[in-house]
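Coordinate inspection notes
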Amino acid sequence: MSNAAAKLIAAQLRRKPDSVLGLATGSTPLGIYRELARMHREEGLDFGGVRTFNLDEYYGLAPEHPQSYRYFMDENLLRHVNIDPKNVHIPGGLVKDIEASCSEYEASIGQAGGIDIQLLGIGRDGHIAFNEPGSSLGSRTRLKTLAQETISDNARFFRSLDEVPRFAITMGVGTILESRHIVLLASGVEKSDAVRQALEGPVTSEITASALQLHSTVTAFLDDAAAEKLKRRDYYKYVESMRQVVGQEDL
Ligand code: GLP
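One structure accompanies this document, and this report is about it. (Residues numbered from 1 in each chain as written. Predicted model: local features only at pLDDT ≥ 70, side-chain atom pairs only at ≥ 80, totals over all residues. Heavy atoms only, no water.)

Around the ligand sit 13 residues in total, of which Ser27, Thr28, Asp56, His127 and Lys191 are the nearest. Residue Thr28 places a side-chain N or O atom 2.4 Å away from an oxygen atom belonging to the ligand. The backbone of Ala129 places a nitrogen or oxygen atom 3.1 Å from a nitrogen atom of the ligand. Alone, the ligand offers 400 Å² of accessible surface; in the complex the protein occludes 93% of this. Along the lines of polarity and charge, the residues of the shell around the ligand split into four nonpolar, six polar and three charged. (Near = heavy atom within 4 Å. Polar contact = N/O pair within 3.5 Å; in protein donor to acceptor, adjacent residues only side chain to side chain. Areas by Shrake-Rupley, 256 points an atom, 1.4 Å probe, with all protein chains shown as cover. Nonpolar A, V, L, I, M, F, W, Y, C, P; charged D, E, K, R; others polar.)

Quick look at helix 3 (residues 69–76) now. The complete set of buried residues in helix 3 reads Tyr69, Phe72 and Met73. The arc that holds every buried residue of helix 3, seen down its axis, measures 95°, which confines them to one face. (Buried < 20%, exposed > 50% of the residue type's maximum accessible area, 1.4 Å probe, protein only. Helix = DSSP H or I, 4+ residues; strand = E, 2+ residues; numbered from the N terminus. Arc of directions from axis to C-beta.)

Hydrogen bonds between backbone groups are what pair the strands of a sheet, and the pairing can be parallel or antiparallel. Pairing within the open sheet is antiparallel, and its three strands lie in the order 3-7-6. A single partner strand is all that each edge strand has here, and the edge strands are strand 3 (56–58) and strand 6 (142–145). Strand-to-strand twist of the sheet, defined as the mean angle between neighbouring strand axes without regard to direction, takes the value 30°. Sheet topology places strand 3 next to strand 7 (residues 167–170); three bridges connect them, and they run antiparallel. Looking at the pairing, Tyr58 lines up with Ala168 of strand 7. (Pairing = 2+ DSSP bridges. Axes fitted to C-alpha atoms, helices over the stretch in contact; angles between N-to-C directions.)

Moving on to a nonpolar patch on the surface. A cluster of nonpolar side chains, Tyr235, Tyr238, Val239, Met242, Val245 and Val246, forms an exposed patch at the surface whose accessible area comes to about 590 Å². As for its position among the elements, Val245 is in the segment after helix 9 (233–242). (Patch = residues over 30% accessible without salt bridge, like charges linked within 9 Å, V, L, I, M, F, W, Y side chains within 5 Å. Salt bridge = Lys/Arg side-chain N within 4 Å of Asp/Glu carboxyl O.)

Taken as a whole and assessed by the stated rule, the structure comprises six aromatic pairs. Between Tyr58 and Tyr69, the ring centres sit 4.9 Å apart and the planes meet at 45°, which makes this aromatic pair tilted. Placement of Tyr58 in strand 3 and of Tyr69 in helix 3 is noted, with a sequence separation of 11 residues between them. Taking 5.8 Å as the distance between ring centres and 80° as the angle between the ring planes, the aromatic pair formed by Tyr58 and Phe158 counts as edge-to-face. You can see Tyr58 sitting in strand 3 and its partner Phe158 sitting in the loop between helix 5 (148–154) and strand 7, a full 100 residues away along the chain. (Phe/Tyr/Trp six-rings, centres within 6.5 Å; stacked < 30°, edge-to-face > 60°.)

Here is the structure:
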């Protein structure tokens, strides 16, 4: 799963060296970042012109906090590739004027020409970035109060439940939908309900990932466990095998 997604990103960077990548955190994209770092090291994959925008950041955590998403990105990707630090954008976890900084974030995505590929994981409750159930499907970058389920899911990274931040700054669903290509990743049976509702359920703000059904270009990379509850799983596999027939096997 990770290798296939990393290949897609590498193809994008070769086609357009100054691509704008939307990056995600969490355990799911770790394998992709490892593979991209390897491609940089061994195959010279060039990040020199790449611009990045991360989806979200915990509000209240300093960049050097080991659980901040800034720290995560530095450790797992950025310090392993030749990206220019001035091209890296991650919402600030300690900003004072939240509204102004969220508008600036949106504006800088626009100035960069929009996001070419946006990576996304999915929460067990079907959220993307930190767009918790009930988030407007037109939402923009803003401060979001985390749901209890998300707080307890993420508690494994902190010493105690009390240390998990209660807020995050996150791109909105509307922001995400403006990316040119969205890559959704999910692995493990614990994501299978969210995946089914996101891809085959009704479009609803209760499952913010279901908004992806409104986008023209979404690629989902799922392992078998995450895909096991999909009704049309056999059809998707058939479609995949038919790509060769129409010469689109590299999509
Ligand atoms: C957090 C992040 C999401 C991520 C989700 C799932 O809520 N804000 O971007 O998709 O966790 O994380 P994991 O990949 O660790 O399951």
